[in-house]
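# Coordinate inspection notes
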Amino acid sequence: ENILGLTANTDAVLAEYEMNHANARLLLIRYPDPGHAKTALSNIFKYYIPEADQRRIARLESNKWAAASVKCCLLAFVLEADSKEIAKRLLESIL
């Protein structure tokens, strides 16, 4: 299933970051409209990180962290962050 709603009309980039000896991956997706971005965000919380807290951050079974947020047509999804802090900081710096 395509929970992120990726199509030929979406642009995406995956990048790896290191901050203070902590690593994380950041997936940025630009959707054609805000509705698609919000649907993808809802799907992330429903299928990938349902245990996310109010700040939309969750500890994974691997003891890594994930977080996601959306602003207009842009979705930011932090994956496999070594710490909650790096996940939070990446989201804040992008959106």
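Reference entry: report on the structure contained in this document.

Cut-off values and rules
- Residues numbered from 1 in each chain as written.
- Predicted model: local features only at pLDDT ≥ 70, side-chain atom pairs only at ≥ 80, totals over all residues.
- Heavy atoms only, no water.
- Buried < 20%, exposed > 50% of the residue type's maximum accessible area, 1.4 Å probe, protein only.
- Helix = DSSP H or I, 4+ residues; strand = E, 2+ residues; numbered from the N terminus.
- Arc of directions from axis to C-beta.
- Contact = heavy atoms within 4.5 Å.
- Pairing = 2+ DSSP bridges.

Along an α-helix, residues three or four positions apart point the same way, because every turn accommodates 3.6 residues. For helix α2 (residues 84-94), the full list of buried residues reads Ile86, Ala87, Leu90 and Leu91. The arc enclosing the buried residues of α2, seen along the axis, measures out at 130 degrees, which places them on a common side. Residues of α2 that are exposed and point over 90 degrees away from its buried face: Glu92 and Ser93. Tucked inside the fold, the buried residues of α2 contact β1 (11-19), β2 (22-30), β4 (65-71) and β5 (74-81).

For β5, the buried fraction is high: 6 of the 8 residues fall into the buried class. Where β2 meets β5, 6 bridges bridge the pair, whose relative direction is antiparallel. In the sheet register, arginine 25 faces β5, and the bridge partner there is leucine 79. Relative to β5, β4 is paired through 6 bridges, and the arrangement is antiparallel. By the bridge assignment for β5, serine 69 is matched with alanine 76. Between β4 and β5, which follow one another and run antiparallel, lie 2 residues, and cysteine 72 among them has a positive phi close to 55 degrees.

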